[in-house]
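If you want the building blocks of each chain, they are given just below.
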Amino acid sequence: MTDVLEPRAIGRDLLRRDGGLKVRGTAVYADETPVPEGAGPPAYCRVVTSTVARGRIVDLDTTAAEALDGVQRVLTHATAEHLASTEDRELAVLQDAEVGFRGQIVAAVLADSDEIAREAAGLVEVRYAAEATNAELRAELRADRTDLYTPEKVNAGHETDTATGNMDDALALAPVTLERTYRTPMQHNNPMEPHATSALWTGTHLTLWDSTQSVHRVRDTVVQVFGLAPEQVRVVCPYVGGGFGSKGTPHANVVTAALAARALPGRLVRFALTRQEMFALAGHRTPTIQRLQLAAERDGTLRGIAIDVVEQTSKVKEFAEQTGVPTRTMYAAPNRRTTHRLAALDVPVPSWMRAPGECPGMFGPEVALDELAVELGIDPVELRIRNEPEVDPETGRPFSSRNLVACLRAGAERFGWADRDPEPGTRRVDGWWVGTGVAASVYPTIRMTKSTATVRREGDRYVGRIGAADLGTGAYTVLPQILADALGVDEARVDVLLGDTDLPEASVAGGSSGTTTWGSALVEAAREFRDEFGDDPREGDEAAADVPPNPAEQEYVMSAFGAQFAEVRVHADTGEVRVPRLYGVFACGRIVNPRTARSQLLGGMTMGLGMALHEQSLLDPRTGAVVNHDLAEYHVPANADVADLQAHWLDEDDPYVNPMGSKGVGEIGIVGTAAAVANAAWHATGVRVRDLPITLDKVL
Ligand code: MOS
């Protein structure tokens, strides 16, 4: 059991420390990095990307581009430096003539201005020998597909397939069964700040100012790909304009920027992806096809639950996510099966997007439960409560805390669920069909194993150091709160420095693990500090500590839970779908800062609203191109889409998760949102939409 901190600064809704800088526009982002002293004039990088999805470059003519005044270099597979490691094909930029997806980098122009670089890129002529493209995730029955395979890696170390009891028997014997197929589309992360890197090679040293969720991960990757020593590479990232997972692992743009810097030593090279390029080079959420099977008693008791998932990866590199995993833990059922299969296609490499796995993976099950509730004539809130497990159904271990039922009850109360008429398509107000729906949320409480923090007395202040990232989440604000309580000093006297590989190594800002991991390391460093220097430290006194293992993880399953309630209006004539009310109630342990936590939960719910109604990357199977590759055609929720959106939480006391008693809040807000909206859309119209997004053509 972990010693839980006495909260003094923890729990206060302090303003974001970086808020003023960001609002005033003075926070410096990667592409705005000032030219360091001693460096030459900056150079600008623009890339040429492939117009075929599969094939070979047979001719690449750079003559016209190189003749342009102000062009310094044109890098191609014929001229670029050979990388030390090309094992990761996503990162093997400009290494050979092979093309593995549409939008792949085939040339990089370096010039004295961005305008010249862009013009020169347009002058590069490329001819391809194109091969047949297979870019469509289409079949839902595995028997039809010979190209599906069992993933080698499922995210976060989960088993690919699991089975308990006998699902086939459960389906044969249960009085009520349900089998449905659900689909979630390809989606793209669209942080406001694009993927950007400024790079400088001086002597034997490379410095990258990169927009990333992990400076150390970028450094380690570049070290490996270029065959350098870790001391030769520094990665700096004070601010990130959003990432949502797409900046959790370095993509081809980082390697391109480093190649460019090595080609122009002494000059700062700036390389920012365009919004359109991000749709091929920054990862995407894999589309999923989910077959759900439920077997139940007439009173709603589940006898069996199964999910079989098919998703896509790229032929260039395998990426798989744990879509079926939440089904293993959500509801009690003696018979269960989960499986994952991949189709390798001629598409860009998928990657993380807010709650990869859990987010798409809770759509099918939470809509299927709603369908079962309808079939049984049981209220969907009540159906979930009836299937609440005593312990984790997968491992048999207790939960460190689990308050899904309390979230469902509190949400139902707040939302006014009790008055709901279960009949669909019965409420019409001013030409709009009105309905309500509910779904559950879940996200695991993750602690990464590698992070180190230091604490140092400097003047009248205490300074924590850890190479972590604040990608807009509030880490700059909550980490000082945690450190202050661990030191027993006023939060106003504490700073925590982030975002530089010169700081102690930190884990990625991903998996909603940052506060748990870095907070635990800081608390441990503060303990060392107090043990060594007592309560009256002197200038320069310093202590360091690694994130300690948490033995409670062997005994307990740790997850945050939530319940989301949506009201949906569907226009009777046009089919326009609106969400006037969306309430989430979450149980996420102790809330370190209500202001930044609410912002995370609301952000996740807003993104979930986008998933429900808008977001879909349309991949043309003939060309392998995402055709709606900009923010005009790939719609993310705008102010007009968001009405009464509320995030609430329960006081949850969990002494096992970490010294703060906190669980991650970055991702759970997006989990379950789309199912709640889809269930409400059914209630409004009687039309069951099983493939996202819920567009007007599907409900009319
Ligand atoms: Mo998040 S998708 O784990 O950065």
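Residues numbered from 1 in each chain as written. Predicted model: local features only at pLDDT ≥ 70, side-chain atom pairs only at ≥ 80, totals over all residues. Heavy atoms only, no water.

Trainee: Hey, could you go over helix H11 (residues 404-415) for me, with residue numbers and the actual values?
Mentor: With 12 residues, H11 should cover 16 Å at 1.5 Å per step; its first-to-last C-alpha distance of 16 Å lies within 8% of that length. Directly after H11, the chain includes Gly416, whose backbone phi takes a positive value near 80°. (Helix = DSSP H or I, 4+ residues; strand = E, 2+ residues; numbered from the N terminus. Expected span 1.5 Å × (residues − 1).)

Trainee: An account of the sheet that holds strand S22 (residues 542-546) is requested, with residue identities and associated values reported.
Mentor: Within the open sheet, the four strands sit side by side as S21-S20-S19-S22. Their pairing is mixed. The sheet terminates laterally at strand S21 (494-497) and S22, the two strands that pair on one side only. Neighbouring strand axes in the sheet, compared pairwise and without regard to direction, differ in orientation by 20° on average. Contacting strand S19 (452-458), strand S20 (461-465) and S21, helix H12 (residues 475-487) runs over the sheet at an angle of about 130° to S21. (Pairing = 2+ DSSP bridges. Axes fitted to C-alpha atoms, helices over the stretch in contact; angles between N-to-C directions. Contact = heavy atoms within 4.5 Å.)

Trainee: Can you break down the state of the cysteines residue by residue, with the values?
Mentor: Linking two cysteines covalently via their sulfur atoms produces the bond known as a disulfide. Enumeration over the complete set of coordinates arrives at zero disulfides. The cysteine Cys237 is free of any disulfide, with Cys45 supplying the nearest cysteine sulfur at 19 Å. Accessibility expressed as a relative area gives 5% for Cys237, which makes it buried. Lacking any disulfide linkage, Cys588 is separated from the closest cysteine sulfur, that of Cys407, by 7.6 Å. (Disulfide = S-S within 2.5 Å. Buried < 20%, exposed > 50% of the residue type's maximum accessible area, 1.4 Å probe, protein only.)

Trainee: Summarise the pairing of strand S13 (residues 267-272); cite the residues concerned and give the values.
Mentor: For S13, the tally of buried residues reaches five of six residues, placing the bulk of the element in the interior. Sheet topology places strand S1 (residues 40-49) next to S13; three bridges connect them, and they run parallel. Bridged to Ala43 within S13 is Val269. Sheet topology note: the strand S10 (residues 196-202)/S13 ladder contains four bridges and is antiparallel. Bridging across to S13, Ala196 finds its partner in Ala272.

Trainee: Break down the sheet that holds S10 for me, citing the residues and quoting the values.
Mentor: An order of S3-S5-S1-S13-S10-S11-S12 is seen for the seven strands of this open sheet, with the pairing classed as mixed. Edge positions in the open sheet fall to strand S3 (71-75) and strand S12 (233-236), since each of these has one partner strand only. Each neighbouring strand pair of the sheet contributes to a mean axis angle of 20°, computed without reference to strand direction. Where S3 lies against strand S5 (residues 105-111), four bridges are found, and the strand directions are antiparallel.

Trainee: Kindly report on helix H13 (residues 514-533), identifying the contributing residues and their values.
Mentor: A rise of 1.5 Å per residue sets the reference length of H13, with its 20 residues, at 28 Å; its end C-alpha atoms lie 27 Å apart and thus fit the reference within 8%. All of the buried residues in H13 are Gly514, Thr516, Thr517, Trp518, Gly519, Ser520, Ala521, Leu522, Val523, Ala525, Ala526 and Phe529. In the core, the buried residues of H13 are packed alongside S19, S20, H12, S21 and S22. Gly534, located one to two residues past H13, shows a positive phi value of around 65°.

Trainee: I'd like a description of empty space enclosed by the protein, backed by residues and values.
Mentor: This model, assessed by the stated rule, comprises three cavities of 30 Å³ or more. Counted as a void, the largest cavity has a volume near 50 Å³. Contributing to the lining of the largest cavity are His195, Asp210, Ser211, Thr212, Val218, Ser246, Lys247, Thr249, Pro250, His251, Asn253 and Val254. By residue class, the composition of the lining of the largest cavity is three nonpolar, seven polar and two charged. (1 Å grid on protein atoms, 1.4 Å probe; cavity = no way out; pocket = protein on both sides within 12 Å on 5 of 7 lines; lining within 4 Å. Points joined across faces, edges and corners; volume = space filled by probe spheres on them. Nonpolar A, V, L, I, M, F, W, Y, C, P; charged D, E, K, R; others polar.)

Trainee: Before we move on, could you go through the nonpolar core and cite the residues and values that matter?
Mentor: Counting 97 residues, the largest nonpolar core has Leu372, Val677 and Ile694 as the members making the most contacts within it. Not counting residues within four places of it along the chain, the set of residues in contact with Ile694 comprises Val577, Ala612, Leu613, Val677, Ala678, Ala681, Val689 and Val699. Judged by nonpolar contacts, the second largest core, of 87 residues, contains Phe101, Ala260, Val478 and Val523. (Core = buried A, V, L, I, M, F, W, Y, C linked by side-chain atoms within 4.5 Å.)

Trainee: So what's going on with the pattern of salt bridges? Residues and values would help.
Mentor: This model, assessed by the stated rule, comprises 47 salt bridges. Between Arg262 and Glu81 there is a salt bridge, with the nearest N and O atoms lying 2.3 Å from each other. Here Glu81 lies in the loop between S3 and strand S4 (98-99) and Arg262 lies in helix H6 (residues 252-263), a separation of 181 residues in the sequence. Judged by its relative accessible area of 27%, Glu81 is partly exposed. Here Asp346 and Lys315 are joined by a salt bridge, their closest N and O atoms 3.0 Å apart. With Asp346 in the loop between strand S16 (335-345) and helix H8 (358-361) and Lys315 in the loop between strand S15 (302-314) and S16, this pair connects stretches of sequence that are 31 residues apart. (Salt bridge = Lys/Arg side-chain N within 4 Å of Asp/Glu carboxyl O.)

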